[in-house]
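As a plain string of letters, each chain reads:
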Amino acid sequence: AQKITQTQPGMFVQEKEAVTLDCTYDTSDPSYGLFWYKQPSSGEMIFLIYQGSYDQQNATEGRYSLNFQKARKSANLVISASQLGDSAMYFCAMRLGYNTDKLIFGTGTRLQVFP
Amino acid sequence: DTGVSQDPRHKITKRGQNVTFRCDPISEHNRLYWYRQTLGQGPEFLTYFQNEAQLEKSRLLSDRFSAERPKGSFSTLEIQRTEQGDSAMYLCASSWDRSSYNEQFFGPGTRLTVL
């Protein structure tokens, strides 16, 4: 079954430190895409970063990078130099191959950044 | 580019009533998605459109739910004979299938409370 697992319900990090949010996925489809979204308390989901299953290099977007380990089926989000504004829920999501465009989400990780 | 908008932002209704939500996607986006998010969970896919065609509908979606996108622009999601279990945040997203990642941009959501 296609599934996303986020095992960390909550994480704390001090401002300016780096933090890793874990995500593992399960699919037998060779073609898929992995996304990370941020959901602040306002509720709107904000796209952060994308990794395709055939991409050879890990994706990076500013302070966000994705540690993609295909054999382990993991796609961890690394946030460098955390800021207070990074406090939010973070969701990992997967889009499967060619016949669907829907996203399958994990249960999320609540990140709290403290001064 | 004003982003995805949803109306209303909040809706309180009594069990058994019908409700309708509206979503206006980003203007050039040809794909539109509906998700439902309950407390402590990630968004759950409901349905999506390419232009006016409904391409996929979740098997979990009751017959009480119907969605339309009549002119390929805005979309409506109707829930008939609401039940308390329908209480959730209903999220709309849109995308342009020719973008690099076909990432989905989300609206602020409509929070439904069924009494």
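See above for the structure.
Everything numeric in this text was worked out from a predicted model, so none of it was measured. (Residues numbered from 1 in each chain as written. Chains lettered and ligands numbered in written order. Predicted model: local features only at pLDDT ≥ 70, side-chain atom pairs only at ≥ 80, totals over all residues. Heavy atoms only, no water.)

Digging into the nonpolar core
The nonpolar side chains of soluble globular proteins are, as a tendency, buried together. The condition that has to hold: Among buried residues, those of type Ala, Val, Leu, Ile, Met, Phe, Trp, Tyr and Cys that are joined through side-chain atoms within 4.5 Å constitute a nonpolar core. Exposure classes here rest on a 1.4 Å probe applied to the protein chains alone. A residue is buried below 20% of its type maximum, exposed above 50%, and partly exposed in between. By definition, any uninterrupted DSSP run of H or I lasting at least four residues is a helix, any uninterrupted run of E lasting at least two residues is a strand, and each is numbered from the N terminus. Contacts between residues were defined by any pair of non-hydrogen atoms, one from each residue, lying within 4.5 Å.
Core analysis: the biggest nonpolar cluster contains 26 residues, and A:Leu34, A:Trp36, A:Ile49, A:Leu77 and A:Tyr90 have the highest contact counts within it. Listed by contribution, the elements that provide at least two residues to this core are strand 3 (19-21), strand 5 (32-39), strand 6 (46-52), strand 8 (64-69), strand 9 (74-79), strand 10 (88-96) and strand 12 (109-114) of chain A. Looking at this core element by element, the count peaks at five residues for strand 10 of chain A. What A:Ile49 contacts, discounting residues up to four positions off in sequence, is A:Leu34, A:Phe35, A:Trp36, A:Ala59, A:Thr60, A:Glu61, A:Tyr64, A:Ser65, A:Leu66 and A:Leu77. In this structure, B:Ile26, B:Leu46, B:Ala67 and B:Val114 belong to the second largest nonpolar core, which totals 19 residues.

Examining the state of the cysteines
Rule in force here: Our working definition of a disulfide is a cysteine sulfur pair at a distance within 2.5 Å.
By the definition in use, this model includes two disulfides over all chains. The side chain of A:Cys23 participates in a disulfide bridge whose partner is A:Cys92; the two sulfur atoms lie 2.0 Å from each other. Judged by the sign of its S-S torsion, about -60 degrees, the cystine formed by A:Cys23 and A:Cys92 is left-handed. With A:Cys23 in the loop between strand 3 and strand 4 (24-26) and A:Cys92 in strand 10, this pair connects stretches of sequence that are 69 residues apart. Per residue, the accessibility class of A:Cys23 equals that of A:Cys92, and both read buried. Each sulfur in the disulfide pair B:Cys23 and B:Cys92 lies 1.8 Å from the other.

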